[in-house]
Amino acid sequence: SLYWMDNKPLMRERFREHGIPVANGFAAFRERRAMAVFHSLQKPVIVKPYSGSRSRHTTVHLDTEEEFLRAFRSAKVLSPLALIEEEIEGFVHRGTLIGGKLVAVMRREPPHVIGDGVHTVRELVAEENKLEGRRGTTFHPIVLEQEAEMELVRQKLHLDSVPKKGQLVTLNQKVSRGLGASTTDLTDDIHAENRALLEKIGALLKDPLVGVDFIMQDVRVPWREQKRAGVIECNSLPFIDLHHYPLHGKPRNVAGALWDLIFPTSAEQSISRR
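1. Some details on the sheet that holds strand β10 (residues 209–216)
Phase 1: Spatially, 5 strands are ordered β9-β6-β5-β10-β11 in an open sheet, and the strand pairing comes out antiparallel. Of all strands in the sheet, those bounded by a partner on one side alone are β9 (182–185) and β11 (230–235). For this sheet, the mean angle separating the axes of adjacent strands, direction not counted, is 25°.
Phase 2: Direction of pairing for β10 relative to β11: antiparallel, over a ladder of 5 bridges. For G211, the partnering residue across the bridge sits in β11 and is N235.

2. Considering unusual backbone geometry
Phase 1: The residue after K43, namely P44, is reached through a cis peptide bond having omega 0°.
Phase 2: Note that P44 resides in the loop between α3 (31–40) and β2 (45–49).

3. Considering the pattern of salt bridges
Phase 1: Counted under the stated rule, the structure contains 18 salt bridges.
Phase 2: In this structure, R122 engages D160 in a salt bridge whose closest nitrogen and oxygen atoms are separated by 3.3 Å. Separated by 38 residues along the polypeptide, R122 in helix α5 (residues 121–128) and D160 in the loop between α6 (146–154) and β8 (168–170) bring together distant segments of the chain.
Phase 3: Assessed through its relative accessible area of 45%, D160 is described here as partly exposed.
Phase 4: Note that R134 is salt-bridged to E128, the shortest N-O span being 3.1 Å.
Phase 5: Taking the relative accessible area as the measure of exposure, R134 reaches 3% and is therefore buried.
Phase 6: One salt-bridge network, in which partners are shared between bridges, spans R12, K48 and E85.

So, how was this worked out
Throughout this document, residue positions are counted from 1 along each chain, in the order its sequence is written. Residues qualify for local features only when their pLDDT is at least 70, as the model is predicted, and side-chain atom pairs are given and counted only at 80 or more; totals for whole chains, interfaces and linings, by contrast, use all residues. The basis for every side-chain value is the complete set of non-hydrogen atoms in the structure, without hydrogens or water. At least two DSSP bridges between two strands are required for those strands to pair. Note on conventions: DSSP H or I runs of at least 4 residues are helices, E runs of at least 2 residues are strands, and numbering of each starts at the N terminus. Working convention: axes come from line fits to C-alpha atoms, limited for helices to the stretch in contact. Angles between N-to-C directions cover 0 to 180 degrees. A pairing counts as a salt bridge when a side-chain nitrogen of Lys or Arg comes within 4 Å of a carboxyl oxygen of Asp or Glu. Buried residues are those whose accessible area, probed at 1.4 Å on protein chains only, stays under 20% of the maximum for their type, while exposed residues exceed 50% and partly exposed ones sit between those limits.

Everything listed here is a matter of coordinates, which is why it stays silent on function.
So this is what it looks like as structure tokens:
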């Protein structure tokens, strides 16, 4: 499975054949083909390199030709082919499967603040950056640079706007921790149907270690009841430190689960000593 797991278009076709939700999309090499794909898809769309990029040269929220062409050319810096897909709605999540079993689920959140109806975006960011968890080497303060201002403009806001109470205000499109992104462990909260979906992927791939990236609004709600939820890609060599060091929620010992898979006798010996 390793070959087609890391091949996004081929993975999408295999998953669609088995009833696994994926985004509609196509690959393109030339701009003429890319523009035809862009016009055939529901907006907004996302453009990313054909092969694994770890979010580099990936652009989301595209609904104009000018933005799209700029994003397409950016993706081709990293790969001859670019993948163009309809944008799925919600947060990016990572589900890690070991031996076909789901062992951890992490929500990966872009740099953001939640409005309280009183404070400005600038003030909310300053308060968020005071969190002790953002003072170490894993998570960093939210960066207020040009990309943050552009993201605010997309939401018809600026740094001195006062967001409504409960309003989610994103400050970047990326989920990079270096830019101020955050993570929340949701392993105990995932709905049984969503767990079954991820473990179906594990059974299909038949690989001992898989990181599944999927997008949905709320893992507590069955995926069939959510608008435009789906799997975006799988990783044969996923980073597992995400689960060990969440900004919010309970750390998960994914390394321990992987160790027990590779060396099952050590787990048995540990149990017997207890």
